[in-house]
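Here are the chains, one letter per residue:
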Amino acid sequence: MSAGDFDGIPGAAISLLKGGVGKSTIALNIADRLTARGHETVLIDLDKDGHMTTQLGYDDAYDREANLGDALIDGNDPRELLIETDFGVHLLPSNNELENVETRLKDERFADVKLRRNVVEPLINNGYDYMIIDAAGGRGKLSDNALIAVQRVIIPLIPRAGSINGLNKMIERQISPIRENIGLDILAVSPNMIRETMGQHNEHRTLVENLNREFGSFVPEYARVDSELFDSLDDSTRSVDTIPKPGIRERTSISRAFKQGMPVSKFDEDCDQIPNFDHLADLVEEHSHA
């Protein structure tokens with residue numbers, strides 16, 4: 001199976017092979033920004049714990065008998081699983097059976113393309129415009145399916161020890177093999193939950209600085225900082241007018257909005273981080289139709 005076997009599918013997966021980095025929040029807000037532009041956007045929750053689904057208030061969907069496996073493996077119409085949220089995004093919820101779905105996939109032929117063939121392509125063919133996938137937190141068939149389904153990935157990293165090492169492992173073990181055999185674009189590697197300023201050495205600055213130096217071409221515009229500026233910050237003889245605040249910043253309105261089951265634009269339309277989510281939505285649009 002090669003890249004030539006697939007036509008492009010509009011959308012992106014939000015993925016990292018570990019949890020707790022804000023994948024669900026970013027996926028939700030990108031889907032919201034695409035929906036705000038008039039696009040019929042499907043948000044697919046592949047997290048086995050259903051963090052997105054339950055946080056948005058759809059506990060009944062997480063526990064219902066009908067689940068993603070009905071479409072993914074059995075070939076049922078995925079539209080029957082969709083939920084129309086109050087803010088216009090179409091949610092394909094997670095389910096407490098996803099662990100079993102993962103196990104069942106191991107015995108399926110062409111297991112890695114099931115999400116694409118049986119869920120994503122039918123939805124696109126029935127008039128939905130974009131697929132935003134909140135990928136599973138660990139490596140497995142569902143995680144690989146997420147990347148292969150749309151062949152674009154946005155990777156969030158938070159300021160903690162091992163973040164860059166985890167990114168390198170993901171690129172080596174998952175992204176590179178898929179890219180070589182099928183095709184996969186990294187749309188962005190974004191610092192997330194950035195709290196501190198860059199004027200002092202801390203985990204926040206270290207993450208941003210290392211990302212810019214090692215993965216500069218993948219860092220979105222709102223997080224780019226020239227190495228010359230970092231050097232200036234450490235030179236007491238040089239004056240720096242504006243200390244940068246790159247990345248998606250930690251904001252109370254973002255976390256409160258998610259806890260109340262909505263994107264930040266519906267909770268605080270003046271949040272200064274909405275333009276960053278818009279930029280990620282721009283990347284999805286531009287690369288989906290390049």
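Residues numbered from 1 in each chain as written. Predicted model: local features only at pLDDT ≥ 70, side-chain atom pairs only at ≥ 80, totals over all residues. Heavy atoms only, no water.

Trainee: Where do I start with the overall build of the protein in this structure?
Mentor: A tally of regular secondary structure across the protein gives 13 helices and eight strands. By the compact-globule yardstick of 19 Å for 290 residues, the protein fits well, its C-alpha radius of gyration being 19 Å. For the C-alpha atoms alone, the extent of the protein along its principal axes is close to 65 × 40 × 35 Å. Within the protein, buried positions represent 56% of all 290 residues. A total of about 12,600 Å² of accessible surface is found on the protein, and carbon and sulfur atoms cover 40% of it. Computed over 31 positive and 50 negative side-chain charges, the separation of the two mean positions in the protein equals 4 Å. (Helix = DSSP H or I, 4+ residues; strand = E, 2+ residues; numbered from the N terminus. Rg over C-alpha atoms; globule rule 2.2 N^0.38 Å. Buried < 20%, exposed > 50% of the residue type's maximum accessible area, 1.4 Å probe, protein only. Areas by Shrake-Rupley, 256 points an atom, 1.4 Å probe, with all protein chains shown as cover. Lys, Arg positive; Asp, Glu negative; His and termini not counted. Charge placed at Lys NZ, Arg CZ, Asp CG, Glu CD.)

Trainee: Quick question: what am I supposed to make of the sheet that holds strand β4 (residues 90–92) here?
Mentor: Backbone-to-backbone hydrogen bonds pair the strands of a sheet. The strands run either parallel or antiparallel. Strand order in the open sheet made by the eight strands is β3-β4-β2-β5-β1-β6-β7-β8, with mixed pairing throughout. Pairing within the sheet leaves two strands with one partner each, and these edge strands are β3 (83–84) and β8 (248–249). As judged from the five bridges shared by strand β2 (residues 41–45) and strand β5 (residues 130–134), these two strands associate in the parallel manner. Paired with Asp45 across the strands is Asp134, a residue of β5. The strands touched by helix α1 (residues 23–36) are β1 (11–14), β2, β5, β6 (152–157), β7 (185–194) and β8; relative to β5, the strand with the most contacts, the crossing angle is about 165°. Against the sheet, helix α13 (residues 274–288) makes contact with β1, β5, β6, β7 and β8, and its axis sits at roughly 175° relative to β7, the strand it touches most. (Pairing = 2+ DSSP bridges. Contact = heavy atoms within 4.5 Å. Axes fitted to C-alpha atoms, helices over the stretch in contact; angles between N-to-C directions.)

Trainee: Would you mind going over the UniProt feature "domain: AAA" (unreviewed entry) in the protein with me for this structure?
Mentor: The feature "domain: AAA" (unreviewed entry), as given by UniProt, occupies residues 13–179 in the numbering adopted here. Along residues 13–179 the backbone is 46% helical and 14% strand, and the end-to-end C-alpha distance reaches 14 Å. (UniProt positions renumbered as here; feature names shortened; annotations may be inferred.)

Trainee: Would you mind showing me how to read the pairing of β7 here?
Mentor: One face of the sheet, then the other: side chains in a regular strand alternate in exactly this way. In terms of burial, β7 is largely enclosed, as eight of its ten residues are buried. At this point the chain moves from β6, through helix α8 (residues 163–181), to the parallel β7, and the crossover so formed is right-handed. (Right-handed = clockwise from strand over helix to strand, strands pointing away.)

Trainee: Got a minute to help me understand the nonpolar core in this structure?
Mentor: Side chains of nonpolar character tend, in soluble globular proteins, to be buried together. Core analysis: the largest hydrophobic core is formed by 93 residues, its most contacted members being Ile30 and Ile155. Beyond its immediate chain neighbours, meaning those up to four positions away, Ile155 contacts Ser15, Leu16, Leu167, Met170, Ile175, Ile186, Ala188, Val189 and Ser190. (Core = buried A, V, L, I, M, F, W, Y, C linked by side-chain atoms within 4.5 Å.)

Trainee: Which parts of the structure should I look at to understand the side chain of Asn192?
Mentor: Structurally, Asn192 can be placed in strand β7. In contact with Asn192, other than residues within four places in its own chain, are Val21, Gly22, Ile26, Pro156, Leu157, Ile158, Pro159 and Ile248.

Trainee: What's the story with helix α9 (residues 203–214) in this structure? I'm lost.
Mentor: The periodicity of an α-helix, 3.6 residues per turn, causes residues three or four positions apart to be oriented the same way. With twelve residues, α9 ought to run about 16 Å at 1.5 Å a step, and its terminal C-alpha atoms sit 16 Å apart, in line with that. The N-capping residue of α9, defined by a side-chain oxygen 3.1 Å from the backbone nitrogen of His204, is Asn202. (Expected span 1.5 Å × (residues − 1). Polar contact = N/O pair within 3.5 Å; in protein donor to acceptor, adjacent residues only side chain to side chain.)

Trainee: How should the layout of surface pockets be read in this particular structure?
Mentor: Vacant regions in the atomic arrangement are exposed by a probe of water-molecule size rolled over the atoms. If you add up the space inside the largest pocket, you get close to 550 Å³. Residue lining of the largest pocket: 29 residues in total, with Gly22, Lys23, Thr25, His51 and Met193 positioned closest to the centre. Of the residues belonging to the lining of the largest pocket, the class tally is nine nonpolar, eleven polar and nine charged. (1 Å grid on protein atoms, 1.4 Å probe; cavity = no way out; pocket = protein on both sides within 12 Å on 5 of 7 lines; lining within 4 Å. Points joined across faces, edges and corners; volume = space filled by probe spheres on them. Nonpolar A, V, L, I, M, F, W, Y, C, P; charged D, E, K, R; others polar.)

Trainee: Would you mind showing me how to read the packing of α8 against α9 here?
Mentor: Working note: a packed helix pair is described by the angle between its axes plus the distance between those axes. α9 packs onto α8 with a crossing angle of 35° between their chain directions and a minimal axis gap of 10 Å. For the pair formed by α8 and α9, the contact residues are Ser163, Ile164, Leu167 and Asn168 on the first element and Leu207, Asn210, Leu211 and Glu214 on the second. Taken together, the residues of the contact of α8 with α9 break down into four nonpolar, three polar and one charged.

Trainee: I'm lost on the pattern of salt bridges in this one. Help?
Mentor: Any two side chains of opposite charge can pair, given that their charged atoms come close. Taken as a whole and assessed by the stated rule, the structure comprises 20 salt bridges. The salt bridge partner of Lys141 is Asp112, with a shortest N-O separation of 3.5 Å. Residue Lys141 is found in helix α7 (residues 141–150), and its partner Asp112 is found in the loop between α5 (98–105) and α6 (114–125); the two are separated by 29 residues along the sequence. Overall, the relative accessible area of 28% leaves Lys141 in the partly exposed class. Judged by its relative accessible area of 26%, Asp112 is partly exposed. Taken together, the shared-partner salt bridges connect Asp32, Arg33, Arg37, Lys266, Asp278, Asp282 and Glu285 into one network. (Salt bridge = Lys/Arg side-chain N within 4 Å of Asp/Glu carboxyl O.)

Trainee: I would appreciate a short explanation of the environment of Ile133 in the present structure.
Mentor: Following the sequence through the fold, Ile133 ends up in strand β5. Owing to a relative accessible area of 0%, Ile133 belongs among the buried residues under this scheme. Counting along the chain gives 89 residues from Ile133 to Ile44, while the straight-line C-alpha distance between them is 4.7 Å.

Trainee: What is the right way to read the environment of Asp59 from this model?
Mentor: Locating Asp59 in the fold gives a position in helix α3 (residues 59–63). When its relative accessible area of 40% is taken as the criterion, Asp59 is described as partly exposed. Along the primary structure Asp59 and Leu81 are separated by 22 residues, whereas in three dimensions their C-alpha atoms are 14 Å apart.

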